[in-house]
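Residue strings, one per chain:
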Amino acid sequence: GLAGPLNAEQSKQLGMVAKSADLLHALINNVLDFSRIEAGDLQVEFSEFDISATLEKVVEEMRPQAIQKGLELNFRADSSNRTSQVCMIKSDQQRVRQIMLNFLSNGIKFTEAGSVNVNMSDKGDEIDVSVTDTGIGIKDDDKDRLFKPFSQIDEGITKRYQGTGLGLSICKRLVELLGGRIWVKSQWGEGSSFGFRLPKNRGKERP
């Protein structure tokens, strides 16, 4: 609209262009990350940071998307520090953000009504993080395909929601690079929960 007002059809068409550009951008970034992971060239940088604050920032970044769909978006942090919600961890902050953005994006995308809830739990030497939604859920037969590269579930769902088929595969590899593990729990028609567990002090080691 900088060059002048747009009519409804122009806004619709430009919106489609913008959405396609975002999808292409995500695809290119995912392919690049996947290629680096496969070649063993993806670098992870370990530093100390407050994971609870990092997760909360990601939640706030995604809140406009949740509001646009009329969804509740909640964050709960259970820290062993009873006087503060601060929870320090030595890991790769940017990669943790990347994993969370993917989980939250999927949770919001596949949920038409209800809520998406982020929970962080301090397990002593480890941190558990989960993203639980009230969305469409995943069929048992499709669960084994979730973390395989370029693999997408039900064709009808794929056409409706779109995606690159790489996001969850990359998340799995990243979690493993950070010394953790990833999981999914889901009931068809009742929602899904994606989570990961990371050590608090991975150090500079590579798995």
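Residues numbered from 1 in each chain as written. Predicted model: local features only at pLDDT ≥ 70, side-chain atom pairs only at ≥ 80, totals over all residues. Heavy atoms only, no water.

(A) Focus on the overall build of the protein chain. Assigned secondary structure in the protein chain consists of five helices and seven strands. Start at the N end of the protein chain and walk to the C end: the helices and strands fall as α-β-α-β-β-α-β-β-α-α-β-β. Evaluated residue by residue, the protein chain yields a buried proportion of 42% over its 207 residues. As displayed, the protein chain offers around 11700 Å² of accessible surface, 49% of which is attributable to carbon and sulfur atoms. (Helix = DSSP H or I, 4+ residues; strand = E, 2+ residues; numbered from the N terminus. Buried < 20%, exposed > 50% of the residue type's maximum accessible area, 1.4 Å probe, protein only. Areas by Shrake-Rupley, 256 points an atom, 1.4 Å probe, with all protein chains shown as cover.)

(B) The arrangement of the sheet that holds strand 5 (residues 126–133) in detail. Spatially, 2-4-5-7-6 is the arrangement adopted by the five strands of the open sheet, whose pairing is mixed. Two strands close off the open sheet at either side, each with one partner strand: strand 2 (72–78) and strand 6 (181–187). Averaged over neighbouring strand pairs, the angle between their axes works out to 10 degrees when direction is ignored. Here seven bridges tie strand 4 (residues 115–122) to strand 5, and the two strands are oriented antiparallel to one another. Bridging from a neighbouring strand, Asp 122 pairs with Ile 127 of strand 5. (Pairing = 2+ DSSP bridges. Axes fitted to C-alpha atoms, helices over the stretch in contact; angles between N-to-C directions.)

(C) Up close: the pattern of salt bridges. All chains considered together, the criterion is met by nine salt bridges. The salt bridge partner of Arg 197 is Glu 126, with a shortest N-O separation of 3.5 Å. On the criterion of sequence distance, the pair formed by Arg 197 in strand 7 (residues 191–199) and Glu 126 in strand 5 is long-range, its members being 71 residues apart. (Salt bridge = Lys/Arg side-chain N within 4 Å of Asp/Glu carboxyl O.)

(D) Focus on helix 3 (residues 93–109). For helix 3, with 17 residues, the first-to-last C-alpha span of 24 Å sits near the 24 Å given by 1.5 Å per residue. Of all 17 residues in helix 3, 12 are buried; the element is thus mostly enclosed. For helix 3, the set of buried residues is Arg 95, Val 96, Arg 97, Gln 98, Ile 99, Met 100, Asn 102, Phe 103, Leu 104, Asn 106, Gly 107 and Ile 108. Measuring from the backbone nitrogen of Gln 94 back to the side-chain oxygen at the start of helix 3 gives 3.1 Å, which picks out Asp 92 as the cap. (Expected span 1.5 Å × (residues − 1). Polar contact = N/O pair within 3.5 Å; in protein donor to acceptor, adjacent residues only side chain to side chain.)

(E) Local environment of the packing of aromatic side chains. Taken as a whole and judged by the stated rule, the model has three aromatic pairs. The interplanar angle of 50 degrees and the centroid separation of 5.7 Å between the aromatic rings of Phe 103 and Phe 194 together place this pair among those described as tilted. Linking Phe 103 in helix 3 with Phe 194 in strand 7, this pair joins segments that are 91 residues apart in sequence. The pair formed by Phe 103 and Phe 194 is uniform in burial state, with each residue classed as buried. When the ring of Phe 147 is compared with that of Phe 194, the centres are 6.5 Å apart and the planes differ by 80 degrees; the resulting orientation is edge-to-face. In this pair, Phe 147 sits in the loop between strand 5 and helix 4 (155–161) while Phe 194 sits in strand 7, placing the two residues 47 residues apart along the sequence. (Phe/Tyr/Trp six-rings, centres within 6.5 Å; stacked < 30°, edge-to-face > 60°.)

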